[in-house]
Amino acid sequence: MIDVLDRFLAASTEFGQRLPSVRPGQWTAPTPCAEWNVRQLVNHMVRGNLNYVDLLAGSSREDFLRMRDADALGDDPLAAYAASVRLVADAFGRPGALDQVLDYPLGKVTGCQALAVRATDSAIHAWDLARALGVDDRLDADLVAWISDGLGEIYAGLAESPVAAETTHRFFAAPGVVSGPVSRQEGLLNLMGRNPGWHAD
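This report concerns the structure included in the present document. These numbers come from a predicted model, not from an experiment. (Residues numbered from 1 in each chain as written. Predicted model: local features only at pLDDT ≥ 70, side-chain atom pairs only at ≥ 80, totals over all residues. Heavy atoms only, no water.)

## With respect to the pairing of strand 1 (residues 101-104)
Along a regular strand, successive side chains alternate from one face of the sheet to the other.
Reasoning step 1: As paired strands, strand 1 and strand 2 (residues 107-110) are joined by four bridges and run antiparallel to one another. Each bridged residue has a counterpart across the sheet, and for Val101 the counterpart in strand 2 is Thr110.
Reasoning step 2: Here strand 1 folds back onto strand 2, and the loop between the two strands holds two residues. (Pairing = 2+ DSSP bridges. Helix = DSSP H or I, 4+ residues; strand = E, 2+ residues; numbered from the N terminus.)

## Here we look at the side chain of Arg131
Reasoning step 1: Along the chain, Arg131 falls in helix 5 (residues 111-133).
Reasoning step 2: Residue classification places Arg131 among the buried positions, given a relative accessible area of 13%.
Reasoning step 3: A distance of 2.6 Å separates the side chain of Arg131 from the backbone oxygen of Trp198, its partner in a polar contact.
Reasoning step 4: With sequence-adjacent residues up to four places away left out, Arg131 is seen in contact with Pro32, Asp137, Pro196, Gly197, Trp198, His199 and Ala200. (Buried < 20%, exposed > 50% of the residue type's maximum accessible area, 1.4 Å probe, protein only. Polar contact = N/O pair within 3.5 Å; in protein donor to acceptor, adjacent residues only side chain to side chain. Contact = heavy atoms within 4.5 Å.)

## A closer look at the packing of helix 1 (residues 4-18) against helix 5
Reasoning step 1: Contact geometry of helix 1 with helix 5 gives a least axis separation of 8 Å together with a crossing angle of 20°. With respect to helix 5, the element helix 1 is oriented roughly parallel. Crossing of helix 1 over helix 5 shows left-handed handedness. Every residue of helix 5 that contacts helix 1 at Val4, Leu5, Arg7, Phe8, Ala11, Ser12, Glu14, Phe15 and Arg18 is listed here: Cys112, Leu115, Ala116, Arg118, Ala119, Ser122, Ala123, His125, Ala126, Leu129, Ala130 and Leu133. (Axes fitted to C-alpha atoms, helices over the stretch in contact; angles between N-to-C directions. Parallel < 35°, antiparallel > 145°, perpendicular 65-115°, else oblique. Left-handed = near helix turned anticlockwise from the far one by under 90°.)

## Quick notes on the packing of aromatic side chains
Reasoning step 1: As enumerated under the stated definition, the model contains four aromatic pairs in all.
Reasoning step 2: On the numbers, 5.1 Å between centres and 40° between planes, the contact of Phe15 with Tyr81 is tilted. Of this pair, Phe15 sits in helix 1 while Tyr81 sits in helix 4 (residues 77-92); the two residues are 66 residues apart in sequence, bridging distant segments of the chain. Assigned by exposure class, Phe15 and Tyr81 land together as buried.
Reasoning step 3: Geometrically, the ring pair formed by Phe64 and Tyr104 is edge-to-face, given 5.8 Å between the ring centres and 75° between the ring planes. Of this pair, Phe64 sits in helix 3 (residues 61-66) while Tyr104 sits in strand 1, and the two are 40 residues apart along the sequence.
Reasoning step 4: Here Tyr104 falls in the buried class, since its relative accessible area comes to 10%. (Phe/Tyr/Trp six-rings, centres within 6.5 Å; stacked < 30°, edge-to-face > 60°.)

Here you go:
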């Protein structure tokens with residue numbers, strides 16, 4: 001996972017490319033994440049990025065969970081998102097950051113593993129946002145392949161994992177049921193608890 005920062009930036013770009021498509025009336029629209037509307041999903045992304053930076057600065061898992069839903073968008077969600085991505089890139093790009101051990105909510109992880117988890121989360125939520133907005137939901141094929149091939153390593157040792165049968169599904173939705181051949185992206189989405197056929201009403 002030596003290129004994990006590049007993967008994070010690629011996944012963040014997937015989300016960021018779709019964000020300007022949000023029309024004023026869509027901020028309260030539903031998303032494939034049943035508990036979040038569009039604004040809440042975007043806030044999850046921004047707040048999550050800020051929480052990862054805080055972990056690198058020494059914050060605890062308790063701090064992470066306490067701040068998980070705190071508003072981070074203010075009155076300019078697009079600028080808030082772009083700034084949060086830059087903060088993550090700067091923080092995790094510093095010498096030694098990828099080797100640092102962080103107090104992540106699902107277990108102790110290195111900065112490298114944490115960033116891989118963040119890249120995965122960003123990519124899947126890019127699809128969520130695309131579906132909520134009714135825009136192109138095709139993710140970068142290389143990014144999808146990297147995530148799909150590396151899921152076991154990305155979530156190794158964590159208390160929850162999308163590839164572990166015993167996962168409690170507190171943080172991950174239960175996998176969908178696959179019938180018949182599916183694309184690489186559809187297979188990944190199913191594994192991450194998404195219904196590739198979901199559309200906003």
